[in-house]
Amino acid sequence: MPTYERRTTIDAPIEDVWAFSADVSGLEAVTPDWLGLRVESVIGPDGTLGRNGLEVGTEISLSMRPFGVGPRQYWTSLITEVDRRDGVAYFRDEMVRGPFDRWVHTHSFFADGDRTVLRDHVAYDLPLGPLSGAVSPVSHVGFEAMFRERHRATNAELER
C-alpha cells in the first residue's frame with residue numbers, strides 16, 4: 001500500500017496542538033479552501049450528533065468539491081484509535097466510505113520543549129485497480145499541496 005508522510009514543527013505546546021487538532025473546527029480551519037470542505041455530520045460512538053469528538057468509534061462525514069468542479073465527493077471516516085500520554089499523542093481515522101479504496105490517516109504529536117512535532121502519515125489505495133501503482137506517485141503532488149497548507153495553517157492558527 002502506498003504511503004505519504006509530512007512532518008512539521010509547530011510553534012506551540014503539545015497541549016494546544018492536540019486540543020486544536022482534536023476538534024472538527026480545527027480540521028475546517030486548516031483545510032485549504034480549494035478543497036471546498038464541508039463537515040456533514042459528526043456522530044459519537046453513542047450515536048449522538050456533535051461537533052467535536054475524538055473518541056474511538058466517532059464517525060465524521062465530510063464532503064469536498066475540489067476547485068468547485070464536478071459533483072461533491074462524500075467521505076466518511078471512523079476514529080479507530082486515540083492515545084495520549086505525557087509528551088506523545090496520536091489518533092487514527094480510517095475511511096469507511098469515500099473516493100479511495102483504502103485510506104488510513106495517523107495524526108501524531110510529539111512534544112519538543114514548548115513546540116510540537118506534528119506528523120501526518122497516510123496509507124492509501126487508489127480506486128484504479130492494477131493502475132494504482134503507476135498513478136500513486138502522481139497522488140503525492142496533491143497530498144503534498146494539501147498537507148503543506150494544513151501544516152502551515154496549523155502553525156499560523158497556534159503561533160503565539
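Please refer to the structure placed before this passage.
What comes next concerns the included structure. (Residues numbered from 1 in each chain as written. Predicted model: local features only at pLDDT ≥ 70, side-chain atom pairs only at ≥ 80, totals over all residues. Heavy atoms only, no water.)

What about the environment of Val30?
Part 1 of the reasoning: Here Val30 shows up in helix H2 (residues 24–30).
Part 2 of the reasoning: Measuring from C-alpha to C-alpha, the distance between Val30 and Met146 comes to 9.4 Å, with 116 residues separating the pair along the chain.
Part 3 of the reasoning: Sequence-distant contacts of Val30, defined by excluding residues within four places in its chain, comprise Phe20, Glu149, Arg150, Ala153 and Thr154. (Helix = DSSP H or I, 4+ residues; strand = E, 2+ residues; numbered from the N terminus. Contact = heavy atoms within 4.5 Å.)

Thoughts on the sheet that holds strand E5 (residues 88–97)
Part 1 of the reasoning: The sheet built from 7 strands is open, its strands ordered E1-E7-E6-E5-E4-E3-E2 with antiparallel pairing. Edge strands, defined here as strands with exactly one partner in the open sheet, are strand E1 (3–10) and strand E2 (38–43). This sheet shows a mean twist of 20° between the axes of neighbouring strands, independent of strand direction.
Part 2 of the reasoning: Relative to strand E6 (residues 102–112), E5 runs antiparallel, the two sharing 7 bridges. Across the sheet, residue Val88 finds its bridge partner in E6, namely Phe110. (Pairing = 2+ DSSP bridges. Axes fitted to C-alpha atoms, helices over the stretch in contact; angles between N-to-C directions.)

Re helix H1 (residues 14–21)
Part 1 of the reasoning: Along H1, the residues classified as buried are Ile14, Val17, Trp18 and Phe20. Buried positions in H1, seen along its axis, are confined to an arc of 165° and lie on one side of it. (Buried < 20%, exposed > 50% of the residue type's maximum accessible area, 1.4 Å probe, protein only. Arc of directions from axis to C-beta.)

Section: the pairing of strand E4 (residues 73–85)
Part 1 of the reasoning: Relative to E4, strand E3 (residues 59–64) runs antiparallel, the two sharing 6 bridges. For Leu62, the partnering residue across the bridge sits in E4 and is Trp75.
Part 2 of the reasoning: Where E4 and E5 come together, 9 bridges link them in antiparallel fashion. Among the inter-strand pairings, Ser77 is bridged to a residue of E5, identified as Met95.
Part 3 of the reasoning: Counting the residues between successive antiparallel strands, the hairpin from E4 to E5 contains 2 residues, one of them, Gly87, with a positive phi of roughly 85°.

Focus: the pattern of salt bridges
Part 1 of the reasoning: All told, the structure shown has 10 salt bridges when counted by the stated rule.
Part 2 of the reasoning: Put simply, Glu5 and Arg7 hold a salt bridge, and the shortest N to O gap is 3.2 Å.
Part 3 of the reasoning: The closest approach of N and O atoms between Glu5 and Arg119, which form a salt bridge, is 3.2 Å. On the criterion of sequence distance, the pair formed by Glu5 in strand E1 and Arg119 in strand E7 (residues 115–125) is long-range, its members being 114 residues apart.
Part 4 of the reasoning: Connected via shared salt-bridge partners are Glu5, Arg7 and Arg119. (Salt bridge = Lys/Arg side-chain N within 4 Å of Asp/Glu carboxyl O.)

Description of the nonpolar core
Part 1 of the reasoning: Within the largest apolar cluster, 34 residues are counted, with the highest numbers of intra-cluster contacts made by Trp18, Trp75, Phe100, Trp103, Phe109, Tyr124 and Phe143.
Part 2 of the reasoning: In terms of residue count, the dominant contributor to this core is helix H3 (residues 132–158) (5 residues). (Core = buried A, V, L, I, M, F, W, Y, C linked by side-chain atoms within 4.5 Å.)

Notes on the environment of Arg65
Part 1 of the reasoning: Turning to its location among the elements, Arg65 is positioned in the loop between E3 and E4.
Part 2 of the reasoning: On the accessibility criterion, Arg65 (32% relative accessible area) is partly exposed.
Part 3 of the reasoning: Along the primary structure Arg65 and Leu37 are separated by 28 residues, whereas in three dimensions their C-alpha atoms are 6.9 Å apart.
Part 4 of the reasoning: Not counting residues within four places of it along the chain, the set of residues in contact with Arg65 comprises Trp34, Leu35, Gly36, Gly70, Pro71 and Arg72.
Part 5 of the reasoning: Looking at Arg65, its side chain comes within polar contact range of the main-chain oxygen of Gly70, at 2.5 Å. (Polar contact = N/O pair within 3.5 Å; in protein donor to acceptor, adjacent residues only side chain to side chain.)

Concerning the environment of Arg102
Part 1 of the reasoning: One can find Arg102 in strand E6.
Part 2 of the reasoning: Measuring from C-alpha to C-alpha, the distance between Arg102 and Asp125 comes to 4.9 Å, with 23 residues separating the pair along the chain.
Part 3 of the reasoning: Those residues in contact with Arg102 that sit more than four places away from it in its chain are Met1, Glu94, Met95, Ala123, Tyr124 and Asp125.

Take it as geometry only, folks, not as evidence of what the structure does.
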